Amino acid sequence: MRSLCVEPFQNFSSQLPFVTVLWNSVVDTGARRTLTYCSPWKTNHKHEAVLFPLPSRPIRKSLCICLSSSAKLPVMMEEKKKTFDANEAALLVKELNESFRTGKTKSYEWRVSQLKSIEKMVVEREKDICEALYKDLSKPEFEAFVSEIAMVKSSCKEALKELKHWMKPEKAKTSMETYPSSAEIVSEPLGAVLVISTWNYPFSLSVKPVIGAITAGNATVLKPSEIAPATSSLLSKLFEEYLDRSAVRVVEGDVPQTTALLEQKWDKIFYTGSPRVGRIIMTAAAKHLTPVVLELGGKCPAVIDSDVDLQVTARRIVAGKWQANNGQACISVDYIITTKDFAPKLIDALRKGIEECFGTDPMESKDISRIVSSNHFSRLQSLMDEYKVYNKIVVGGQRNQKELKIAPTIFLDVPGDSQLMQEEIFGPLLPIITVENVKDSIDLINSKPKPLAAYLFTNNDKLKNYFVQSVSSGGMAINDTVLHVTVSSLPFGGVGESGMGSYHGKFSFDAFSHKKAVLYRSFSGDSSVRYPPYTPEKQKLIKAVMNGGIFNIILALMGWSRD
């Protein structure tokens, strides 16, 4: 039975507008009153309710209605959904581990079936995916397809094509000490893994790690970002519809739900996001000695020499900054370093490049994403308004808080101790720092934490080699930006504060696999030399074998020695 209070009796129908009371159907039997009523959401459908006066109040002012369980209430009267807490998380992990122990996720057939389902999901629900991305980020349809949908499709196709090869044990060389023998490296799944994704590319950065986990044969939980709620909700529905629920789940929510998941023992945690949260993830994982992959970020520099094709360089900078989710990307260009003499030419070229891509008023462009939330807008606004940098704007600067839009904005020579140069920007703001000599940029980059990506534009081969050898970063592109992440034969990951571990292509398979060393021997060739008692002759032979060289072994077998 459900109960609710109605006050006063005379205004019963106005208090519950979803109930139309038939007053002439009230039957008074003293302590028990019965009325018949109908509800608008079920036309011509009558229900019976029993009315009890509240003990402490007169019946004329208040009464309690107990509706039979067959009477349906609107959504606003339904009980609140059960909160996902540590107990629910523990039960979820238990179910996934039980599913994993059946061995079904290890089979080639299961992995292929799930990959095909993801591929089917992306094809059939492409429109829904684009709509969710637009709701969350106003992401243009073209950008959504290129950076999210196509990336996932490509990952699925490669995994389906290469999976048998990836799963096949790798032959390994053996040594003289184990002769006769053979050896191999077997890739085995880890078990139950947790993927915590981020909001800036909320579809591809959720699904691609899951593809890696599935190809490796794991049971998987995905926790999408609550900051992109439309995509998070869609992922939950799509995974439920297309994938095997006994081994692949989605948990929605924010900090409490993530905390509940992190309290559990996982066989691996894969996190994409900020270094600050990365430290929280790593601390939680350490409690259970759980290995982690942390895909973080950092201040990604672009060094621009004066001998470049200026028009092409400007377009590629625009693509690697504002076309990349309006700068809300971990690999987008965070700041530029160039020479004092070349900076004015570069600024003019960038201004023209922005106008070509987004028009004379970028705030009206449909080809650029908005800022994800009011909190992130306020953070970026405070970076722009800092007293050390607000007068350094040379391009852009327009903003609209109501629409969460900030125009592509370029700063020239902001102080090194400004917040703009101290933290990852993750937005449409681009500082340009000038140096006397382009090689001076290397020291500036190396004075900061290692970035996730570093870019260099030059025609000077010596400078290219020097940059590659001298700058430590997760990845690197010469004479372009961001495109290195599209090459699946290259690992994508950070170093130092920009992250640990990598994925994409086979690297995704390896990230969620354990490489098990296996040595095979027969019962023949069992030499007594390895067993006590250790006679002088045995010692000579063992030393000869371990020191290497067939001549020494022959001498030892003949009882001779060079010693």
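Residues numbered from 1 in each chain as written. Predicted model: local features only at pLDDT ≥ 70, side-chain atom pairs only at ≥ 80, totals over all residues. Heavy atoms only, no water.

- The protein chain carries the name aldehyde dehydrogenase (NAD(+)) in an unreviewed UniProt entry, which gives Salix brachista as its organism.
- The protein chain has a UniProt comment under Sequence similarities (unreviewed entry) that states "Belongs to the aldehyde dehydrogenase family."
- As recorded by UniProt, the Catalytic activity (unreviewed entry) comment attached to the protein chain reads in full: "an aldehyde + NAD(+) + H2O = a carboxylate + NADH + 2 H(+)". (UniProt positions renumbered as here; feature names shortened; annotations may be inferred.)

What to know about helix α12 (residues 374-385)
Moving on, step 1. For α12, built from 12 residues, the straight-helix expectation of 16 Å at 1.5 Å per residue is met to within 8% by its first-to-last C-alpha distance of 16 Å.
Moving on, step 2. For α12, the set of buried residues is His-376, Phe-377, Leu-380, Gln-381, Leu-383 and Met-384. Down the axis of α12, the buried side of the element spans an arc of 155°, and every buried residue falls inside it.
Moving on, step 3. Contacts from the buried residues of α12 go to β16 (393-395), β17 (399-400), β18 (405-406), β19 (409-412), α13 (419-422) and β20 (429-435). (Helix = DSSP H or I, 4+ residues; strand = E, 2+ residues; numbered from the N terminus. Expected span 1.5 Å × (residues − 1). Buried < 20%, exposed > 50% of the residue type's maximum accessible area, 1.4 Å probe, protein only. Arc of directions from axis to C-beta. Contact = heavy atoms within 4.5 Å.)

Focus on the packing of aromatic side chains
Moving on, step 1. Taken as a whole and assessed by the stated rule, the structure comprises 5 aromatic pairs.
Moving on, step 2. Measuring from ring centre to ring centre gives 5.5 Å for Trp-199 and Phe-426, while their planes differ by 75°; the resulting arrangement is edge-to-face. Residue Trp-199 is located in the loop between β9 (192-196) and α6 (204-215), and its partner Phe-426 is located in the loop between α13 and β20; the two are separated by 227 residues in the primary sequence.
Moving on, step 3. Under the relative-accessibility criterion, Trp-199 is labelled buried at 7%.
Moving on, step 4. Note on Phe-270 and Phe-512: the rings are 5.7 Å apart at their centroids and 25° apart in plane angle, and the pair reads as stacked. (Phe/Tyr/Trp six-rings, centres within 6.5 Å; stacked < 30°, edge-to-face > 60°.)

A word on the sheet that holds strand β21 (residues 453-457)
Moving on, step 1. Taking strand neighbours across the sheet as the criterion, the 7 strands line up as β16-β19-β20-β15-β14-β21-β22 in an open arrangement whose pairing is mixed. Lying at the two open borders of the sheet, with one neighbouring strand each, are β16 and β22 (475-478). For this sheet the average axis-to-axis angle between neighbouring strands, irrespective of direction, equals 25°.
Moving on, step 2. In this sheet, strand β15 (residues 335-339) lies alongside strand β14 (residues 301-304) in parallel orientation, the contact comprising 3 bridges. Within β15, the position partnered with Ala-302 by the bridge is Ile-336.
Moving on, step 3. Relative to the sheet, α12 contacts β16, β19 and β20, its axis offset from that of β20 by approximately 35°. (Pairing = 2+ DSSP bridges. Axes fitted to C-alpha atoms, helices over the stretch in contact; angles between N-to-C directions.)

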